[in-house]
Amino acid sequence: MAIQKKHGKGRLDKWYRLAKEKGYRSRAAFKLVQLNKKYGFLEKSKVLIDLCAAPGGWCQVAAECMPNQSIIIGVDLAPIKPIPRVISFQSDITTDKCRATIRSHLKTWKADTVLHDGAPNVGTAWVQDAFSQAELVLESLRLATDFLIEGGTFVTKVFRSKDYNPLLWVFKQLFTSVEATKPPSSRNVSAEIFVVCRGFKAPKRIDPKFLDPRHVFAELAAPTPNNEAKVFNPEVKKRKREGYEEGDYTQFKEISVTEFINTTDPIAILGSYNKLSFQQPPGGDLALSTVDRLEDTTDEIRKCCEDLKILGRKEFRSLLKWRLKLREKFGLVVKKSKEKEEESEEVAEVAPMDEELAIQEQLHRMREKETTREKKERRKENEKKRKEIMRLQMHMTTPMEIGMEQIGPDSTFTLRRVDKAGARDAVVNARNVPVESESESESSEDEDSDDDGDRLERELDSMYDQYQERMEDRDTKLRAKKNRKQYETDEWDGFSEDNKSDDEEEEESHVGLPVEQAPTTGNLSNNASLFFDQDIFQGLDEEEEEEEEEEEEDEEDEDEDEEMDDEDEDEEDSDIEEDIPVQKQKKAKKPESEWVDDDEIQYIDEPRKPNGQLDIDIITAEAMALAQQMATGERKSTDVVDDGFNRFSFRDVDGLPEWFIDDEGKHSKIQRPITKAAAAAIKEKMRAINARPIKKVMEARGRKKFKAAQKLEKLRKKSALLADDEALSERDKAQSISKLMSKATKKKPKQQVKLVVARGTNRGISGRPKGVKGRYKIVDSRMKKDIRAQKRLAKKKS
Ligand SMILES: C[S@@+](CC[C@H](N)C(=O)[O-])C[C@H]1O[C@@H](n2cnc3c(N)ncnc32)[C@H](O)[C@@H]1O
């Protein structure tokens, strides 16, 4: 691919000219120059493979930057003219032949860097292009995995398409650091992005599916419609552009109560209808009149049926329970007797249902039963572990005793395993993983007998989780809070030495995750993880690590560092627990064992103003009121500490459902009265903040000021020179200085923007219209007329 004169003028841009000047064979060379400037991988490499290298721009750059005696191999479908220090040959990178040729050149060496800048099918349809590009990337990755040394670097070009995320996910499994970047020399109009993958993990075996385009780019099946979501979030409406359902052109939907009772999917009805009707159909419905008369059909239930869209979780639950009761009464579901409970088959009679539906429901129930059983077992196991940890914490046992009953080849107990069951948080907090005491296990028999009820409970719980996730997606504060919580609970990783479960270790050496799995990273969505891959966030981890190292080195400073971490967290949370100033919050939060006295607080390295005062930003009325009270001596620091211990401090949340704790948490805190003065002070402060111009404007103003100062300085110097000039008379001096001044203060006339109407030959043109010089703006005729009218009006007024 030699430099060709492209038709579009934009193609012969600055980089094209620079490439010509510098003797590079392609403008692409600058992309590698800029990537290397940012990541510096070429200087560290001794062996490099450049895939799709023609005409050889990247090879030229590599030869320039890599140490002497390095091996550089360039391969392409097209011939590459010889480049000093570069071995090049012609081959298709997807073939075994290419692999063999590279191997013959490298012998036993491994490559430190593999580059790929391939672009197939140039000129065909873009969608097709993007796909084969992605395939080519995967092929180049396959080749890279064969030749890269552990810790090596792989740089590739990827096109922004639907295959971009799956590709990135694959990279992330194989490399410790994956960063996507667009060098300045890459045109903005181009969809290309460069991904720099560093720290090749060199797994012993890679699942072939991993590098197979059919798996990596497989379309994920459309998720099944989530009717439950509709039930619990009736107000969240997604825009549908599909129009109304065929034959149904109303938005208000109503369904008979009997249908709700007979249906096998009540949640779908609750999610998609507005009203459950007790209205008798024309022919009369005996079942409906019975339902109407039953005692279970309370006024509350009737009210709930009136408008489903305004119901909350509690109301839906009562409607579903009511439905179950009626189904039992009508003999639609027969409760299992104790003897029959033993049998795996459940006796369930569902009246108007065809055979297939019946089988489906039975299968579904069996599956539910199985998961309930598994869940129960997990709970028991977790409870056992929790008790052991409690005993250990209370010095009732030694670590040796932990997990004694589980002794076996793979029974090493780590909290990570517990976490897989989703219970570690609770274990660490010594909170109840729902305990199954003996008395409870008796009652759990009842639970089992009511399979539907159990299922509903779980559905409701999972709905709440989904609701939380959605809220987190929307609300960054909530997300930060959750991550913080997770961080707090993650701090202690149990007794595993290397903090890795067996499974995880296996994953490292054998990357073989099912490719269908959605590519996500930790708690972050893919988009979020891509966002955080940006340079700006890169230092953060290292900083944290450094801090940790410091902590290890200096045990004496440990407490101090921890306090600083706490402080960061507190600051983030300031809007949640704003009622106590930062430092005091920390004090109040400290557990008794880590208690520090007032003197110790003095040594904490708090952010301070230049005058030595603590730099605390008071942004809430509560904090302001407290600050005022403290300043006037109305309250003392000890009062604030005492306030930390209140009836909300040690809330007993054992066994309470997550949604309840969350909901209660919003209100279970001291409501501190605020003073009028404090509210006014905060209002004023906020007004001042809002009145500040945005950063861009501030910067522009600063630039203007700076330029004016420069101009003034120049003028001053010139005037001084003139004043010192002995050859000039005083009059001449005064004249020339005033000339200078008037020249400097004269404003340049603003360049007129010529309006060009987009009609005739100018319709739909891109670029400068013929015969137009200077600044121009293409407008439609309406706009031109409007502007004229405005001018006329302004003239009239003046
Ligand atoms: C954008 S150019 C590479 C430019 C090069 N990096 C440089 O600096 O000069 C893309 C190259 O990919 C090559 N290519 C496309 N498919 C290929 C394949 N299957 N095997 C080898 N080369 C391929 C094309 O021949 C083309 O020369």
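About the thresholds
What you see as residue numbers is a count from 1 along each chain, following the sequence as written. Predicted model: local features are reported for residues with pLDDT of at least 70 only, side-chain atom pairs are reported and counted for 80 or more only, and whole-chain, interface and lining totals are derived from all residues. Excluded from the side-chain calculation are hydrogens and water; included are all heavy atoms of the structure. Elements are defined by DSSP. Helices are runs of H or I of four residues or more, strands are runs of E of two residues or more, and each kind is numbered from the N terminus. Only protein chains enter the accessibility calculation, which uses a 1.4 Å probe; a residue whose area is less than 20% of its type maximum is buried, one above 50% is exposed, and one in between is partly exposed. By definition in these notes, contact holds between two residues if any of their heavy atoms fall within 4.5 Å. Using a 1.4 Å probe, the Shrake-Rupley method yields the accessible areas, and only the shown protein chains count as cover for residues. Here a strand pair is declared whenever DSSP counts at least two bridges between the two strands. For this description, a residue counts as near a given molecule or strand if any of its non-hydrogen atoms is within 4 Å of it. Side-chain atoms alone can form a polar contact between residues adjacent in sequence; in general such a contact is a pair of N or O atoms within 3.5 Å, and within protein one must be able to donate a hydrogen while the other accepts it. Gly counts as polar in this scheme, as do all residues outside two lists: the nonpolar Ala, Val, Leu, Ile, Met, Phe, Trp, Tyr, Cys and Pro, and the charged Asp, Glu, Lys and Arg. Each patch is built from residues lacking any salt bridge and having more than 30% relative accessible area; the joining distance is 9 Å for like charges and 5 Å for nonpolar side chains (Val, Leu, Ile, Met, Phe, Trp, Tyr). When a carboxyl oxygen of Asp or Glu lies within 4 Å of a side-chain nitrogen of Lys or Arg, that pair is called a salt bridge. Nonpolar cores are built from buried Ala, Val, Leu, Ile, Met, Phe, Trp, Tyr and Cys residues. Side-chain atoms within 4.5 Å join them into one set. Whether two aromatic rings pair depends on their centres lying within 6.5 Å, for rings of Phe, Tyr and Trp, where Trp uses its six-membered ring; planes under 30 degrees apart make the pair stacked, over 60 edge-to-face, and the rest tilted. We call a charge positioned above a ring when the Lys NZ or Arg CZ atom is no farther than 6 Å from the ring centre and deviates by at most 35 degrees from the ring normal.

(A) Looking closely at the overall build of the chain. In terms of helices and strands, the chain carries 33 helices and 13 strands. Taking all 798 residues of the chain together, the buried fraction comes to 35%. Relative to all contacts within the chain whose residues are 6 or more apart in sequence, the contacts with residues 24 or more apart total 62%. Roughly 51,900 Å² of accessible area belongs to the chain as shown, and the carbon and sulfur atoms make up 51% of that amount.

(B) The pairing of strand E5 (residues 148-159), seen in detail. The element E5 is largely enclosed, with a buried count of nine among its 12 residues. Pairing geometry for E5 and strand E7 (residues 192-200), over six bridges, is antiparallel. Bridge pairing links Thr156 to Val195 in E7.

(C) Looking closely at the site of the ligand. Neighbouring the ligand are 20 residues; Ser26, Trp58, Asp76, Asp92 and Asp117 lie closest to it. Contact distances for the ligand include 2.9 Å between an oxygen atom and a side-chain N or O atom of Ser26. One of the side-chain nitrogen or oxygen atoms of Asp92 is found 2.8 Å away from a nitrogen atom of the ligand. Burial of the ligand by the surrounding chains reaches 91%, relative to a free accessible area of 600 Å². Looking at the shell around the ligand, its residues break down into 11 nonpolar, five polar and four charged.

(D) Representation of a nonpolar patch on the surface within the structure. A surface patch of nonpolar side chains, about 200 Å² in accessible area, is lined by Ile619, Met686 and Ile689. Relative to the helices and strands, Ile619 resides in the loop between helix H26 (598-601) and helix H27 (621-631). Using a relative accessible area of 34% as the deciding quantity, one classes Ile619 as partly exposed.

(E) Molecular detail of the nonpolar core. Ile102, Leu141, Phe154, Phe171 and Phe175 are the most contacted members of the largest nonpolar core, which has 43 residues in total. In terms of residue count, the dominant contributor to this core is helix H5 (residues 126-147) (eight residues). With sequence-adjacent residues up to four places away left out, Ile102 is seen in contact with Ile49, Leu51, Ile73, Phe89, Leu143 and Phe147. In this structure, Ala19, Ala54, Ala63 and Val155 belong to the second largest nonpolar core, which totals 28 residues.

(F) Spatial organisation of the pattern of salt bridges. With the rule as written, the count across this model stands at 19 salt bridges. Between Glu192 and Lys157 there is a salt bridge, with its nearest N and O atoms 3.8 Å apart. Placement of Glu192 in strand E7 and of Lys157 in strand E5 is noted, with a sequence separation of 35 residues between them. For the pair Glu192 and Lys157, one class covers both residues: buried. With a shortest N-O distance of 2.9 Å, Arg373 and Glu377 are connected by a salt bridge. One end of the pair is Arg373 and the other is Glu377, both in helix H15 (residues 355-393) and four residues apart, which spans about a single turn. Overall, the relative accessible area of 40% leaves Arg373 in the partly exposed class. Residues joined by salt bridges that share partners form a network here, namely Lys31, Asp117, Lys157 and Glu192.

(G) Here's a closer look at the packing of aromatic side chains. With the rule as written, the count across this model stands at nine aromatic pairs. Between Trp58 and Phe194, the ring centres sit 5.9 Å apart and the planes meet at 40°, which makes this aromatic pair tilted. Of this pair, Trp58 sits in helix H3 (residues 57-65) while Phe194 sits in strand E7; the two residues are 136 residues apart in sequence, bridging distant segments of the chain. Like Phe194, Trp58 is buried. Here Phe154 and Phe171 contribute two aromatic rings whose centre-to-centre distance is 6.0 Å and whose plane-to-plane angle is 70°, an arrangement assigned as edge-to-face. In this pair, Phe154 sits in strand E5 while Phe171 sits in helix H6 (residues 164-174), placing the two residues 17 residues apart along the sequence. Given the relative accessible area of 0%, Phe171 is considered buried. Through a chain of ring-to-ring contacts, the aromatic side chains of Phe154, Phe171, Phe175 and Phe200 assemble into a single cluster. Taking NZ or CZ as reference, Arg302 lies 5.2 Å from the ring centre of Phe278, over its face.

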